[in-house]
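Chain residues, written in single-letter form:
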Amino acid sequence: MHGSGLILAIESSCDETAAAVVERGCRTLSSVVASQIATHARYGGVVPELASREHLRAIVPVVRGALAQANITLDDLDAIAVTSGPGLAGALLVGITYAKALAFAQNIPLIAINHLEGHIHAVLLNERESTPDTESPDETALALVVSGGHTHLFLARPAHSVWTYKLIGRTVDDAAGEAYDKVAKLLGFGYPGGPWIDALALYGNPLAVPFAFSQIKTKLHLTGKAPRTKAAKTAPIANLDPHFLFSFSGIKTAVLRYVELHNLRPEAQARAARLFPPEGGQPPSPPKTKAEALALCPQATLDLIASFQHAVVGDLMKKTFAAAEALGARRILVTGGVAANRELRARFTAEAARRHVRVAFPTLALSTDNAAMIATAAWPRLQAGDFADQSLSADPSLALGR
Ligand code: KG4
Ligand code: ZN
């Protein structure tokens, strides 16, 4: 090891090709993210074959860009880190293969990182960067990882230089971000749906449609039955407290029923045709004013969107704070793409203040997929000598914690 603690990380688990250079898990020298939003927007979700092809195209310029921005060469690096799962097999493979080749050519260690662990370390990186002069704020925390593929609660504990994770709760079906994406698609907006719902909900009445989450019946899941969706495969359900389990497929169906009952489908289809004309072009961005929102959809649709978001955020909050209380955790980390949501941040912050616990979120850029979080998670592993070898392969349903 050069002793400089420079790690180049590569992330390609879903629809972002990312590379970053981070020094000692606490100083970002560069973070480059090539988004595939323009490719997937009109399909309302990520198309795996297109994702792999786009990663292949982007990986070399993205890694070169990260080295150039950091003003270093490959020879300055101490290790290469890469996301090995969970995620799309073909997408993960692009990053893993390139990382293996770089580590081999440079004769430096290869470090495999779980994508969910990366999301947790995104918050830690922010904390270390914003308070560089103080002692490391590392301490046990309850982490809610809430993204397009995952809704998991972990107890994250620093033990010597490595972190350990205990799974506390998770979704039994769809991830929260998946529900955002499906509702947005149903209403004729683009992918990813989160930023659209976030922007439109500002102008709706959150109490207009009384969506409710009932306590999840866990009998089926506790008997060891397989989870119902691919998003739920990344961790076992048995032995988890049912109070900390999430389910977002019900509210998605409730929105669908509401749309059908109120005959909102033709309006949604017309909107999709307007936003995504067959001739293509740049994908549109979410509205920034009430006038822009009302030009896109009537008040009733804004109310539906605001009510959906209010219910989802309320459910995430209720279970997360209940788990923190049950475990005696005084610190909560909320991370993953959905952690970018404005209502979520505001309500979690207010509730944390009320309960005298601390809550932290990553910056918006570090909330969604990036490689700086992967490099940060790799730093304790570099110190501990916890390396992968050239047999490393993609694990689409890699679990974190037990
Ligand atoms: O962490 P991420 O980039 O990728 C995964 O690991 O899944 O998360 C992407 C997810 C998508 O479902 C997207 O709709 C959601 O995060 N998202 C949001 C917001 N920004 C992104 N959800 C709610 N509000 C947002 N502002
Ligand atoms: Zn992610």
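Residues numbered from 1 in each chain as written. Chains lettered and ligands numbered in written order. Predicted model: local features only at pLDDT ≥ 70, side-chain atom pairs only at ≥ 80, totals over all residues. Heavy atoms only, no water.

**Q** Please explain the domain arrangement of the chain as it appears in this structure.
**A** How large an interface is tends to be reported as the accessible area lost when its parts come together. According to the domain assignment, the chain consists of domain 1 (6–136 + 365–384) and domain 2 (171–328). Here domain 1 and domain 2 have C-alpha centroids that lie 28 Å from each other. Across the boundary between the two partners, domain 1 contributes 11 residues, which contact 10 residues of domain 2. For the pair domain 1 and domain 2, the two sides together bury roughly 860 Å², of which 67% comes from carbon and sulfur. Remark: the boundary between domain 1 and domain 2 carries zero salt bridges. The interface formed by domain 1 and domain 2 includes one residue pair in polar contact (both at pLDDT 80 or more). (Domains from an automatic or database assignment. Contact = heavy atoms within 4.5 Å. Buried area = accessible area lost by both parts, 1.4 Å probe. Salt bridge = Lys/Arg side-chain N within 4 Å of Asp/Glu carboxyl O. Polar contact = N/O pair within 3.5 Å; in protein donor to acceptor, adjacent residues only side chain to side chain.)

**Q** What am I meant to see in the sheet that holds strand 8 (residues 162–170) here?
**A** Strand pairing in a sheet relies on backbone hydrogen bonds. The paired strands run either parallel or antiparallel. Within the open sheet, the five strands sit side by side as 8-7-6-9-10. Their pairing is mixed. Looking at the sheet topology across the chains shown, the edges are occupied by strand 8 and strand 10 (358–360). Across the sheet, the mean angle from the axis of one strand to that of its neighbour is 25°, orientation sign disregarded. Both strand 6 (residues 141–146) and strand 7 (residues 151–159) contribute to a ladder of six bridges, which runs antiparallel. Considered in strand 7, the bridge of A143 is made with F154. Where helix 12 (residues 342–355) meets the sheet, its contacts fall on strand 6, strand 9 (331–335) and strand 10, and the angle it forms with strand 10 comes to roughly 160°. (Pairing = 2+ DSSP bridges. Helix = DSSP H or I, 4+ residues; strand = E, 2+ residues; numbered from the N terminus. Axes fitted to C-alpha atoms, helices over the stretch in contact; angles between N-to-C directions.)

**Q** Looking at this model, I keep getting lost on the confidence of the model for the chain. Mind explaining?
**A** Detailed conclusions should not be drawn from predicted coordinates in areas where pLDDT is low. Per-residue confidence for the chain gives a mean pLDDT of 91; residues scoring 70 or more make up 92%. Confidence drops under pLDDT 50 across residues 220–232; counting only partners more than four residues distant or on other chains, this segment forms 27 contacts. (pLDDT = per-residue confidence, 0-100.)

**Q** Any chance you could explain the coordination of the zinc ion (ligand 2) here in plain terms?
**A** In an ideal octahedron of six donors the angles at the metal are 90 or 180 degrees, and in an ideal tetrahedron of four donors they are 109.5 degrees. Each protein donor to the zinc ion (ligand 2) is listed here as H115 (NE2), H119 (NE2) and D369 (OD); together their distances run 2.0 to 2.1 Å. Seen from the zinc ion (ligand 2), its four donor atoms lie at angles of 94 to 141°, and the figure they make is irregular. Ordering the donors of the zinc ion (ligand 2) by residue number gives the pattern H-x3-H-x249-D. One end of the pair, H115, is in helix 4 (residues 115–130); the other, D369, is in the loop between helix 13 (364–367) and helix 14 (372–384), with 254 residues separating them in the sequence. Judged by relative accessible area, H115 falls into the buried class, the value being 3%. Judged by its relative accessible area of 12%, D369 falls in the buried class. (Donors = N, O, S within 2.8 Å, 3.2 Å for Na, K, Ca; no water. Tetrahedral: all angles 85-135°; square planar, octahedral: opposite > 155°, others 65-115°. Buried < 20%, exposed > 50% of the residue type's maximum accessible area, 1.4 Å probe, protein only.)

**Q** Sorry, what's going on with helix 9 (residues 265–275) here?
**A** Every α-helix winds through 3.6 residues per turn, so residues three or four apart in the chain are directed the same way. Among the residues of helix 9, A268, R271 and L275 are the ones counted as buried. The buried residues of helix 9 occupy an angular sector of 60° when projected down its axis, which confines them to one face. Facing away from the buried side of helix 9, by more than 90 degrees, are the exposed residues Q269 and R274. Buried positions along helix 9 lie against helix 5 (176–186), helix 6 (194–201), helix 10 (290–296) and helix 11 (299–327). (Arc of directions from axis to C-beta.)

**Q** I'm lost on the packing of aromatic side chains in this one. Help?
**A** Both the distance between ring centres and the angle between the ring planes are used here to describe each pair of aromatic rings. The final tally for this structure, using the stated rule, is five aromatic pairs. Residues Y180 and F308 carry aromatic rings whose centres are separated by 5.3 Å and whose planes lie at 75° to one another, so their mutual orientation is edge-to-face. Of the two residues, Y180 is situated in helix 5 and F308 in helix 11; the sequence distance between them amounts to 128 residues. Each ring, one from F321 and one from F348, has its centre 5.5 Å from the other, and the planes form 40°; the classification is tilted. Of the two residues, F321 sits in helix 11 while F348 sits in helix 12, which places them 27 residues apart along the sequence. In terms of burial, F321 and F348 fall into one category: buried. Through a chain of ring-to-ring contacts, three or more aromatic side chains come together here, namely F213, F246 and F248. (Phe/Tyr/Trp six-rings, centres within 6.5 Å; stacked < 30°, edge-to-face > 60°.)

**Q** Even after reading the chapter, I still don't get the packing of helix 8 (residues 249–261) against helix 11, so can you show me in this structure?
**A** For any two helices packed against each other, one specifies the inter-axial angle together with the distance between the axes. Relative orientation of the contacting elements helix 8 and helix 11 amounts to 165°, with a least axis distance of 11 Å. Viewed along their axes, helix 8 and helix 11 adopt a mutual orientation that is roughly antiparallel. The hand of the helix 8/helix 11 crossing is right-handed. Of the residues in helix 11, those touching helix 8 at I251, V255, Y258 and V259 are L304, F308, A311 and V312. (Parallel < 35°, antiparallel > 145°, perpendicular 65-115°, else oblique. Left-handed = near helix turned anticlockwise from the far one by under 90°.)

**Q** Is there a simple way to think about unusual backbone geometry in this case?
**A** Glycine aside, negative phi is the norm for most residues, and most peptide bonds take the trans geometry. Of the consecutive residues G85 and P86, the connecting peptide bond is found in the cis state with omega at -10°. Checked against the element boundaries, P86 lands in the loop between strand 4 (79–85) and helix 3 (89–106). Along the chain, Y191 connects to P192 via a cis peptide bond; the corresponding omega equals -10°. Mapped onto the elements of the fold, P192 is located in the loop between helix 5 and helix 6. With a phi close to 55°, N263 is a non-glycine residue in the positive phi region. Along the chain, the position of N263 falls in the loop between helix 8 and helix 9. Within the chain, H356 stands out as a residue other than glycine whose phi angle is a positive 60°. Summarising the element assignment, H356 is placed in the loop between helix 12 and strand 10. Owing to a relative accessible area of 65%, H356 belongs among the exposed residues under this scheme.

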